[in-house]
Amino acid sequence: MSDVTVKELADTVGAPVDRLLKQMQDAGLPHTSDEQVVSEEQKQELLAFLKRSHGESASAPRKITLKRKSVSTVKAGGQGKGRTVAVEVRKKRTYVKRGEAGLEPAKLSTVEAETPQVKGQAELEAERIRSEELSRKAAEEETRRKEAERKAEDERRREEAERAKELEQAAKEREAATEANKAAEAAAEVARAQAAAQKTAEGRTGGKRAAKERGRERQREGRDEFDDGRTRRRELTLRTETRRVKRKPVEQRGGGFERPADFIQREVAIPEVVTVGELAKSMSVKAGEVIKTLMGLGVMATINHALDQDTATLVVEEMGHKAKTVSANAIEHAHEESLQVEGELQPRSPVVTVMGHVDHGKTSLLDFIRKTKVASGEAGGITQHIGAYNVEIPKGRITFLDTPGHAAFTAMRARGAQATDIVILVVAADDGVMPQTEEAIQHAKAAETPLIVAVNKIDKESADPERVKNELAAKGVIPDDWGGDTQFVNVSAITGQGIDELLDAVLLQAELLELGAVEDLPGRGVVVESRLDRGRGSVATVLVQNGTLKQGDIVIAGEFYGRVRAMIDDRGEAVRSAGPSTPVEILGLSGTPEAGDSFAVVADERTARDLADHRKARSTEHRMAAQQATKIENMFATMQEGEKRVLRLVIKADVRGSLEAIMHAISELDTDEVKAVVVGSGVGGISESDAMLAVTSNAVIIGFNVRADGAAKKVIEREGLDLRYYSVIYELLDDVKKVMSGMLAPEVRETILGVAEVRDVFRSPRFGQVAGCMVVEGTIYRNRKVRVLRDDVVIHEGDLDSLRRFKDDVAEVRNGLECGIGVRNYDVKIGDKIEVFESKEVARTL
């Protein structure tokens, strides 16, 4: 680099001129103005000074080491019989900066110019030699392996031949012994036959001699049988000893089992329910011994029989062991104890939930504070699920939870009140207290959460803040200027009036609460929302309440667990950790937990999996018990009231909170005659399995902010299913209510058209009995239903057969006129009243 001025050098390095001059003066250079020239040596001196000031050594050579690894394959062995060997070549090069390793510049340049070609050839030659050496070693290794396999095969064949020879020899010995037994038996039988014949021939005179002869014969036979039996026993003993000799090497290798000499008392953990087989395994005894003990206690059981905790304890103590009862929720208790860790409390920002009636301006108020447009992104301008936002203001940081105001989201508002420190109740100044306003007050009181009332829409001409105060005071919310403990702030989400006063009231209330949390602990908190994203999988919005949640932590949330793969804050930016009172979205859970479930960081994945399995099992047990109870209740209800009309639904939603709210709202539409049953539900798009479930159960498919995929659309079109999409929840509920109303049996309403009083009765050869009447009320019509009343009691109901006036048939007779009425198949008397009515079927609504 050529000589430059101080100003040019400052522009080159991007530093202010005055700071560069100060550094040069500190380095001992004589420069005092920006027009002075800086030489190359002065630059090097300044650079060395700056390195020393930053803790670097200017004299030590700097080296760069590059490593490279390549893998190739080499085929070793003969033609067609070789095998492929993987060869890994590792290269390492070290480069030293010019002028710092003791070489002269000219000499180093020459080396650098000449080295690459020579060095490349040397490396290629070395690599070729290494490859040949590896191939030779691989071939030798393969030859040794094959030789060892051949020797092992020869040894195995030799052992099999010896074993076969021994078996053949043993078979021959058994055959020879059998033949000897048969020969001895045959000889004895012949001897007995000869002795019998001789006895018959000799008669009585030769009895003694024959008796002696038979005695000697029996002794000879007995000795032969004894000798033969003893030979067989020796042969059996010899073969048994031979088998024992062959077993001894196996026992020496550890294959034998020896019964312990002394009884070992064990501590046996006994759960609430345990089978006989599991109990025997925990005591290291056979199941037969446990069954024998149970029989002694008067209990007949099998190996799969389930024992309660008390019976199992008696069995364990009867068998001499020590019983230790274990609760079914022991793993949950251990998890809770692991979370009880003390630390130093640090101040944390408040968590504020905005509640109020629908369309009273909750989201617009929070939108003004955050300077964003959240309300425009919600369908119909109504917040569909809980949004968690972190707001930075000059006086501090506040975390806001925006809860829906529609009546269907009662459960979500209740969860918001449980996870919050302060509740802002938004009430429109022109609308006053509404049903959801009362619910929000109840949730806040139930959670014992402080309340701050924001009287919104104060900029309207019809605004009446005093009316709001009076109505809230009637509900138990007393303003602080009336002697109560609730702050009232008049605000406008459009003009921004009173927003600063509202935030000051929140921070003041937070100071009174003295909120604190321990940051140096594993994170724990509550799940605000969860959904299933097509590209990212399960996404859960969580609020950290204590500790710090870090990327890579293993988290258990409700019935699901997983490692936190990524964390995203409310601004959509990726973060690596989240402290107390911070809402983040986490990725990596195995499913979508319920909104309101608690989450916590656990030590390892095994603990998380055990906890999740335990919670799923408990949930399944409760669900099965509820289904069984429902089946029994429905069975008795069907027996007593007849079968109900059922609307079956398959509901899929974008987030868990909306799904729960929809199912809860639909369940409240049930009546004694018609009910809605959700046969399938879930978070995410409508899949082919959902469509097939709707086909088999004859259900209507409802998608809330989700759509059906291609396979599901084909099934829906082929089967002609009813598929409906919604983005606003009250439209969904209105349509379900209409469908259920159409399933109701129509209501029959009767209208009395007119009443006639019987003044006289006479008979007609054409019409039979005819009643002369006076119409005293309404109008009498022909061909309508009639009732006959006697002393204001209905005694007959039938049809009006004929209606005449002065011998003319008429269609109607008005009030105050006389007429003749013929009642079909019934005789009336003077003084009776004939009531004409009509019946109409009116569609019923829920």
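Anyway, here's the lowdown on the structure attached to this text. Per-chain numbering applies: the sequence of each chain, read as written, is numbered from 1 onward. Local features are withheld for residues below a pLDDT of 70 in this predicted model, meaning they are given only at 70 or higher, and side-chain atom pairs are given and counted only at 80 or more; totals for whole chains, interfaces and linings count all residues. Side-chain metrics in this entry use all non-hydrogen atoms of the structure; hydrogen atoms and water are not considered.

### A few points about the overall build of the protein
Of the regular secondary structure elements, the protein holds 19 helices and 38 strands. Throughout, exposure labels follow a simple rule: accessible area from a 1.4 Å probe, protein chains only, divided by the maximum for the residue type, with under 20% read as buried, over 50% as exposed, and the rest as partly exposed. For the protein, buried positions account for 36% of its 846 residues. Working definition of accessibility: Shrake-Rupley area with a 1.4 Å probe, residue cover restricted to the visible protein chains. With an accessible surface of roughly 51100 Å², the protein has 50% of that area assigned to carbon and sulfur atoms. A run of H or I in DSSP counts as a helix once it spans at least four residues, and a run of E counts as a strand once it spans at least two, with each numbered from the N terminus.

### Some words on the pattern of salt bridges
A side chain of one charge can pair with a side chain of the opposite charge if their charged atoms are brought near each other. Think of a salt bridge as a Lys or Arg side-chain nitrogen and an Asp or Glu carboxyl oxygen that are within 4 Å of each other. Counted under the stated rule, the structure contains 34 salt bridges. With a closest N to O distance of 2.8 Å, R348 and D421 form a salt bridge. Taken together, the positions of R348 in the loop between β9 (346-347) and β10 (351-356) and D421 in the loop between α11 (410-418) and β13 (422-428) put the pair 73 residues apart, joining distant regions of the chain. Of the charged contacts in the structure, one is a salt bridge between D690 and K652, with a shortest N-O distance of 2.7 Å. Here K652 lies in strand β26 (residues 645-653) and D690 lies in helix α17 (residues 688-697), a separation of 38 residues in the sequence. Both residues of the pair, D690 and K652, belong to the buried class.

### Overview of the nonpolar core
Within this scheme, the nonpolar core is defined by two criteria: the residues are buried Ala, Val, Leu, Ile, Met, Phe, Trp, Tyr or Cys, and they are joined through side-chain atoms within 4.5 Å. L365, I398, F400, I424 and L502 are the most contacted members of the largest nonpolar core, which totals 26 residues. Those elements that place two or more of their residues in this core are β10, α10 (362-370), β11 (387-393), β12 (396-402), β13, β14 (451-456) and α14 (499-513). Here this core gets 7 residues from one element, more than from any other, and that element is α14. When checking whether two residues touch, look at their non-hydrogen atoms; a contact exists if any pair is within 4.5 Å. Apart from residues lying up to four places away in sequence, L365 is in contact with V426, A454, V491, A493, I499 and L502.

### Looking at the sheet that holds β26
In short, DSSP must find at least two bridges between two strands for them to pair. With parallel pairing, the 4 strands of this open sheet are ordered in space as β27-β26-β28-β29. Of all strands in the sheet, those bounded by a partner on one side alone are β27 (674-683) and β29 (723-726). Pairs of neighbouring strands in the sheet enclose a mean axial angle of 25 degrees, with direction left out of account. Two strands pair when backbone bridges link them, and β26 and β27 are joined in this way by 9 bridges, in the parallel orientation. Considered in β27, the bridge of V650 is made with G680. Contacts from α17 reach β26, β27 and β28 (700-704), with the element oriented near 180 degrees to β26. Only the stretch in contact is used when a helix axis is fitted, and all axes are lines through C-alpha atoms; the angle between N-to-C directions ranges over 0 to 180 degrees.

### Thoughts on the packing of helix α2 (residues 17-26) against helix α3 (residues 40-53)
For the pair α2 and α3, the least separation of the axes is 9 Å and the interaxial angle reads 90 degrees. Taken as axis vectors, α2 and α3 run roughly perpendicular relative to one another. In contact with L20, Q23, M24 and D26 of α2, α3 contributes L46, F49 and L50. Think of it as three bins: nonpolar holds Ala, Val, Leu, Ile, Met, Phe, Trp, Tyr, Cys and Pro, charged holds Asp, Glu, Lys and Arg, and polar takes everything else, Gly as well. In terms of residue class, the contact of α2 with α3 is built from 5 nonpolar, 1 polar and 1 charged. With respect to orientation, any angle under 35 degrees is reported as roughly parallel, any angle over 145 as roughly antiparallel, any angle of 65 to 115 as roughly perpendicular, and every other angle as oblique.

### Examining the packing of helix α7 (residues 287-296) against helix α8 (residues 309-318)
Relative orientation of the contacting elements α7 and α8 amounts to 105 degrees, with a least axis distance of 10 Å. Regarding the angle of α7 to α8, the classification is roughly perpendicular. Here V290, T293 and L294 of α7 come into contact with α8, specifically with T311, V315 and E318. A breakdown of the residues in the contact of α7 with α8 according to their chemical character gives 3 nonpolar, 2 polar and 1 charged.

### Details of the environment of T548
Tracing the chain through its elements places T548 in the loop between β18 (537-546) and β19 (549-550). On the basis of relative accessible area, T548 is assigned to the buried category, the value being 15%. Between the alpha carbons of T548 and G523 there is a distance of 4.3 Å; along the sequence they are 25 residues apart. Leave out the neighbours within four places in its chain, and T548 touches E519, L521, P522, G523, D553, S577, A578 and G579. Each polar contact in these results corresponds to two N or O atoms within 3.5 Å; when the atoms are within protein, one needs to be able to donate a hydrogen and the other to accept it, and residues that are neighboring in sequence are counted only if both atoms are side-chain atoms. Within the structure, the side chain of T548 is placed 2.7 Å from the backbone oxygen of E519, a separation counted as a polar contact.

### Details of helix α1 (residues 6-13)
Among the residues of α1, those classed as buried are V6, L9 and A10. Viewed along the axis of α1, the buried residues span an arc of 100 degrees, placing them on a single side of the element. Within α1, the exposed residues directed more than 90 degrees away from the buried face are D11 and T12. Contact partners of the buried residues in α1: β1 (4-5), α2 and β2 (37-38). Starting at the helix axis, one direction is taken to each C-beta atom, and the arc is that of these directions.

### A word on helix α16 (residues 656-667)
With 12 residues, α16 extends 17 Å between its outermost C-alpha atoms, agreeing within 8% with the 16 Å of an ideal straight helix rising 1.5 Å per residue. For α16, the set of buried residues is R656, G657, S658, L659, A661, I662, A665 and I666. For a helix, the expected span equals 1.5 Å multiplied by the residue count minus one.

### Some thoughts on the environment of A428
Within the secondary structure, A428 sits in strand β13. A relative accessible area of 0% means that A428 is categorised as buried. Put simply, A428 and H357 are 71 residues apart on the chain and 8.5 Å apart in space, counted from C-alpha to C-alpha. Beyond its immediate chain neighbours, meaning those up to four positions away, A428 contacts H360, N456, K457 and V468.

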